[in-house]
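Breakdown of the fold
Spelled out from the first residue to the last, the chains are:
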Amino acid sequence: MASQPINNSKIPDYVTHVTKTLEKANFEAFLVGGCVRDLILEREPKDWDITTNANPEEIIALFEKTIYENKFGTVGVCMPINEENNVTHVTKYHIIEVTPYRTEAKYSDFRHPDEVLFSKNIEDDLKRRDFTINALAYNVEKGQIIDLYKGQTDIKDKVIRAVGKPDDRFQEDSLRMLRAVRFSVQLDFVVSYETMQSITDNVSFIKNVSFERIRDEFTKIVESRNSMQGIGLLQKLGLLKYIIPELEEGIGCIQGGAHKYDVFVHLLEALNHASEKDWQLEIRLAALFHDIGKPKSRRDGTKKEYTFYGHEVIGARLAKQIMERLKYPKKSTDLVVSLVRNHMFFSDTEQISLSAVRRIVQKVGKEYIWDLMNVRECDRVGMSKSEAPYRLRKYHAMIEEVLRDPISVGQLAIDGKYMMEVLHMKPGPRMGWILNALLEEVLDDPTKNTKEHLGELVSSLDILGDAELKTLGERGKETKEKLEEEEIDKLHKKHGV
Ligand code: ATP
Ligand code: MG
């Protein structure tokens, strides 16, 4: 039982309160699993798990507020968060999961233990855990680490190693194969040779795992900084073909032309760029899938070596199929599919007009147009091509131009309907002239843009003759157009185009 000091000051009081309360009542209490690993690695633990020889009823009896609604014996202890300036007086809680020592019985379906059995020994609990680095328990009071499987050595050596016989462990719960890859990319560890070999041998058992569980681990892989290495490892171990076989079709799918990579490597490189930029999950997935339709659309070209006409349409269909298989929420699915479907837009280089940009903004949605630009960046960087800076700036300027609200009579505090219904004006050209004249006033002094002020102005303008009013209206319109031009000019200057 080697001991390595853990800095107790990194453990929040609401956590030690729980272990102390259990110990005061003469129970054992250990921090366990990921949080111990992370404390040793000096990483911020994501959550705090405690294991104890108390049973669920005994745990519940010790704390003021608990949640207990699962069949694994896990009791959520709710510790109030002391928030200053808590104006709503709604108490928020930290939830610390406290689980009795468990020993897992047989797994006859490769998926769920047939029953969950509680134990009186911490040793049983550590034995059922997936990897040595996750099988550490820590007694905070004593400053003592229980390490039955040389987890600390593996942490030091940066190795992921199954607890016990890997074949047995992967057959019990085959998700662990994916978890090995996940921890390896999240922590920058290698998977031990024996564990890796065992995954290769047992890979087909992944079929027994639900896609929801697969998705959660897959997402963590994609969201890690080493996502590219993660997908590469999934492929190498043989797991990828059970999860996203469509990606494997890109292996060896040579593209020719400006592309030095096959489709698979290009997609991985594109994903890598999204990870480097720390972009959100949907952009990462869109980068990983953007050319996934290429293998199915590749034809021999006459001038170019190959053509891939319509690959974005096929790709969007495949992306939808994958996202649905992995049970991603509809909103994420729709966004990824739309980004894949439209990723070719900005590749059309010279031809892009303002009205085309207007159409693509309409299609993709205002709030997602920059996501599309980011996917494009992944695509470019993924083929080791840098963007001609001028063109990129031009696209930015065009998008901003499309997104900005034009100067118009629509900005006025009153409109034609108000003029007719409240100010009793008749419809006709006089109304248009008046609105344009009002706009000029407001552009000059925005504080005048109130119903009261404009109402008064309307009455004084309405006594003018047609000719005079028309002149005023037209002058207003010219001012507006001049200002519009100036604003767009400013925008172009800002982007240097
Ligand atoms: P994270 O930082 O992502 O939360 P973690 O190590 O805490 O990582 P969890 O999935 O939260 O991972 O699981 C908590 C602990 O429970 C693990 O450290 C491990 O000891 C154990 N565990 C979780 N899933 C399994 C599994 N499928 N098989 C065996 N043990 C598992
Ligand atoms: Mg955890």
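Overview of the structure. (Residues numbered from 1 in each chain as written. Chains lettered and ligands numbered in written order. Predicted model: local features only at pLDDT ≥ 70, side-chain atom pairs only at ≥ 80, totals over all residues. Heavy atoms only, no water.)

**Here's the deal with the pattern of salt bridges**
Filter applied, for reference: Salt-bridge detection follows one rule: a side-chain nitrogen of Lys or Arg within 4 Å of a carboxyl oxygen of Asp or Glu. Remark: exposure states derive from per-residue accessible area (1.4 Å probe, protein chains only) relative to the maximum for the residue type, with buried under 20%, exposed over 50%, and partly exposed in between. Secondary structure elements are taken from DSSP: a helix is a run of H or I of four residues or more, a strand is a run of E of two residues or more, and numbering for both begins at the N terminus.
Summed over all chains, the structure comprises 29 salt bridges. Here Asp157 ties to Lys156 by a salt bridge, and the two come within 3.8 Å at their closest N and O atoms. Residue classification places Lys156 among the exposed positions, given a relative accessible area of 64%. For Glu217, the salt bridge identified is with Arg182, shortest N-O distance 2.7 Å. In this pair, Glu217 is assigned in helix α9 (residues 211-223) and Arg182 in helix α7 (residues 175-187), connecting sequence segments 35 residues apart. With respect to class, Glu217 is no different from Arg182; both count as buried.

**Focus: the packing of aromatic side chains**
Put simply, the rule reads: The pairing test for Phe, Tyr and Trp rings, Trp by its six-membered ring, is centres within 6.5 Å, and the orientation test on the planes gives stacked under 30 degrees, edge-to-face over 60, and tilted for anything in between. Two thresholds decide whether a charge sits over a ring: the Lys NZ or Arg CZ must be within 6 Å of the ring centre and within 35 degrees of the ring normal.
Here the structure, examined in full by the defined rule, presents 3 aromatic pairs. Ring plane angle 90° and centroid distance 4.7 Å describe the contact between Phe345 and Phe346, whose orientation is recorded as edge-to-face. Across the pair, exposure class does not vary: Phe345 and Phe346 are buried alike. Ring pairs connect the aromatic residues Phe345, Phe346 and Tyr395, which therefore count as one cluster. For the cation-ring pair, Lys294 lies above Phe308, with the distance from its terminal atom to the ring centre recorded as 4.8 Å. In this structure, Arg298 is placed above the aromatic ring of Tyr306, and the distance from its NZ or CZ to the ring centre is 4.1 Å.

**Some words on helix α17 (residues 330-341)**
The criterion, for reference: To estimate how far a helix should extend, the number of its residues minus one is multiplied by 1.5 Å. Contacts are residue-level and defined by heavy atoms, with any inter-residue pair within 4.5 Å sufficient.
Here α17 contains 12 residues, and its C-alpha end-to-end distance of 16 Å stays within 8% of the 16 Å for a straight helix at 1.5 Å per residue. For α17, the set of buried residues is Ser332, Thr333, Leu335, Val336, Val337, Ser338, Leu339 and Val340. If you follow the buried residues of α17, they end up packed against α14 (281-289), α16 (311-325), α18 (354-364) and α19 (369-382).

**Let's talk about a nonpolar patch on the surface**
Defined as follows: To count toward a patch, a residue needs a relative accessible area over 30% and no salt bridge; like charges are then connected within 9 Å, while nonpolar side chains (Val, Leu, Ile, Met, Phe, Trp, Tyr) are connected within 5 Å. Where accessible areas are quoted, they stem from the Shrake-Rupley method and a 1.4 Å probe; at the residue level, only the protein chains shown are allowed to cover.
Side chains of Ile67, Tyr93 and Ile95 sit close together on the surface and give an oily, nonpolar patch of about 230 Å² of accessible area. Among the structural elements, Tyr93 can be located in strand β5 (residues 93-100). Residue classification places Tyr93 among the partly exposed residues on the basis of a relative accessible area of 32%.

**Some thoughts on the nonpolar core**
The nonpolar side chains of soluble globular proteins are, as a tendency, buried together. Going by this rule: As used in this record, nonpolar core signifies buried Ala, Val, Leu, Ile, Met, Phe, Trp, Tyr and Cys residues forming a set joined through side-chain atoms within 4.5 Å.
Membership of the largest hydrophobic core comes to 106 residues, with the highest contact counts inside it found for Leu31, Phe218, Ile231, Leu239 and Phe289. It is α7 that contributes the most residues to this core, 8 residues altogether. Residues contacting Leu239, with those up to four places away along its chain left out, are Met177, Leu178, Val181, Ile199, Val203, Ile206 and Leu234. Listed in part, the 19 residues of the second largest apolar core include Tyr418, Ala437, Val458 and Leu469.

**Concerning the site of ligand 1**
Heads up, the rule is: The cutoff for a nearby residue is simple: one of its non-hydrogen atoms must lie within 4 Å of the molecule or strand. By the criterion applied in these results, polar contacts are pairs of N or O atoms within 3.5 Å in which, for protein atoms, one can donate a hydrogen and the other can accept it, and in which residues neighboring in sequence qualify only through two side-chain atoms.
Neighbouring ligand 1 are 16 residues, the closest being Arg37, Lys46, Asp173, Arg176 and Arg182. Taking Lys46, its side chain carries an N or O atom lying 2.9 Å from an oxygen atom of ligand 1. Between Arg182 and ligand 1, the recorded distance is 2.7 Å, taken from a side-chain N or O atom to an oxygen atom. Within the complex, 82% of the 590 Å² of free accessible area of ligand 1 lies under protein. When contributions to the shell around ligand 1 are tallied by element, the ones reaching two or more residues are α2 (34-40) and α7.

**Notes on α9**
Given 3.6 residues to a turn, an α-helix orients residues that are three or four positions apart in the same direction. Helix length check: α9 (13 residues) gives 18 Å between terminal C-alpha atoms against 18 Å at 1.5 Å per residue, within 8%. Taken as a whole, α9 has its buried residues at Ile214, Arg215, Glu217, Phe218, Thr219, Ile221 and Val222. In this fold, the buried residues of α9 make contact with α7, α10 (227-237), α11 (240-243), α13 (263-276) and α14.

**A closer look at the packing of α7 against α10**
In plain terms, the rule: To obtain an axis, a line is fitted to C-alpha atoms, over the contacting stretch when the element is a helix, and the angle between two such axes runs from 0 to 180 degrees between their N-to-C directions. Note on angle classes: values under 35 degrees are labelled roughly parallel, values over 145 roughly antiparallel, values of 65 to 115 roughly perpendicular, and the remainder oblique. The crossing is said to be left-handed when, going from far helix to near helix, the turn is anticlockwise and less than a right angle, and right-handed when the turn is clockwise. Three classes are used: nonpolar for Ala, Val, Leu, Ile, Met, Phe, Trp, Tyr, Cys and Pro, charged for Asp, Glu, Lys and Arg, and polar for all others, with Gly counted as polar.
Where α7 contacts α10, the axes come no closer than 9 Å and their chain directions differ by 150°. The angle between the axes of α7 and α10 places the two elements in the roughly antiparallel class. The chirality of how α7 crosses α10 is right-handed. Here Leu178, Val181, Ser184 and Val185 of α7 lie close against α10, whose contacting residues are Gln229, Gly230, Leu233, Leu234 and Leu237. Within the contact of α7 with α10, the residues separate by chemical class into 6 nonpolar, 3 polar and no charged.

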